[in-house]
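Residue-level structure breakdown
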Amino acid sequence: MDQLENSVTRTLFENNLRNLLFDVREYGTVVTNIEFPNGSLMLPDYQQRLIINCHLGFRKAQSFILEQIITNQQEINQLQESLKFYKMNRYTNKVIPIIHEDALN
């Protein structure tokens, strides 16, 4: 069961990472769709659009990273509160899984 959960989590992580890398590395060029006929130089209008679209890709990536940090911090806070409650009430059978889960993250 743990291997299945790990593989699903890993796949989700890998998909998120691929999307993040696309936003950072390729978003600007794909969205701008620039072609250089006969090796000509990029026109100033295309340069400006490329820069704008690259910045949009970085902004998307930054927003995604920030959302993930906030979500992870909320999960950590929730686990810490549960752990504190269980320790205070001496529920040792519930403390061990929380500590184990926290150690994996």
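This write-up is about the structure you can find in this document. Counting starts from 1 at the beginning of each chain's written sequence and moves along it residue by residue. Local features are withheld for residues below a pLDDT of 70 in this predicted model, meaning they are given only at 70 or higher, and side-chain atom pairs are given and counted only at 80 or more; totals for whole chains, interfaces and linings count all residues. Based on all heavy atoms of the structure, the side-chain values leave hydrogens and waters out of the count.

Runs of E in the DSSP output that reach at least two residues are strands. Runs of H or I that reach at least four are helices, and both are numbered from the N terminus. When its secondary structure is counted, the chain shows four helices and zero strands. Along the chain, helices (α) and strands (β) appear in the sequence α-α-α-α when read from the amino end. Only protein chains enter the area calculation, which uses a 1.4 Å probe; residues under 20% of their type maximum are buried, those over 50% are exposed, and those in between are partly exposed. In the chain, which comprises 105 residues, the proportion classed as buried is 14%. Contacts in the chain between residues at least 24 apart in sequence constitute 41% of all its contacts with a sequence separation of at least 6. Whether two residues are in contact is decided by their heavy atoms: any pair within 4.5 Å suffices.

As a further point, take helix α3 (residues 44-88). How far a helix is expected to stretch is found by multiplying one less than its residue total by 1.5 Å. The terminal C-alpha atoms of α3 lie 66 Å apart, and with 45 residues this matches the ideal 66 Å at 1.5 Å per residue to within 8%. Every buried residue belonging to α3 is among Leu50, Asn53, Gly57, Ala61, Leu79, Leu83 and Tyr86, and all of these are buried.

Between the rings of Phe, Tyr and Trp (Trp by its six-membered ring), a pair exists once the centres lie within 6.5 Å; its type follows the angle of the planes, with under 30 degrees stacked, over 60 edge-to-face, and the other angles tilted. The full count for this structure, using the stated rule, is one aromatic pair. Aromatic pair Phe22 and Tyr27: ring centres 6.5 Å apart, planes at 85°, arrangement edge-to-face. You can call Tyr27 buried: its relative accessible area is 16%.

Once that is clear, we can look at the side chain of Asp23. One can find Asp23 in helix α1 (residues 2-25). A relative accessible area of 10% places Asp23 in the buried class. Leaving out residues up to four positions away in the same chain, Asp23 has contacts with Gly57, Phe58, Lys60 and Ala61.

Let's shift gears to the pattern of salt bridges. A pairing counts as a salt bridge when a side-chain nitrogen of Lys or Arg comes within 4 Å of a carboxyl oxygen of Asp or Glu. Tallying each qualifying case throughout the model produces two salt bridges. With a closest N to O distance of 3.9 Å, Arg25 and Glu26 form a salt bridge. Arg25 gets classed as exposed once you look at its relative accessible area, which sits at 58%. A residue is classified by how much of its surface remains accessible, and Glu26, at 33% relative accessible area, is partly exposed.

So, about the side chain of Thr32. Summarising the element assignment, Thr32 is placed in helix α2 (residues 27-32). With sequence-adjacent residues up to four places away left out, Thr32 is seen in contact with Tyr46, Arg49, Leu50 and Asn53.

Right, let's get into the environment of Leu56. Its location among the elements puts Leu56 in helix α3. For Leu56, a relative accessible area of 31% puts it in the partly exposed group. When the C-alpha atoms of Leu56 and Tyr27 are compared, they prove to be 8.0 Å apart, with 29 residues separating the residues in sequence.

Relative to the assigned elements, Arg49 resides in helix α3. The exposure class of Arg49 is partly exposed, given its relative accessible area of 36%. Arg49 sits 21 residues away from Gly28 along the chain, and the two C-alpha atoms are 8.3 Å apart.

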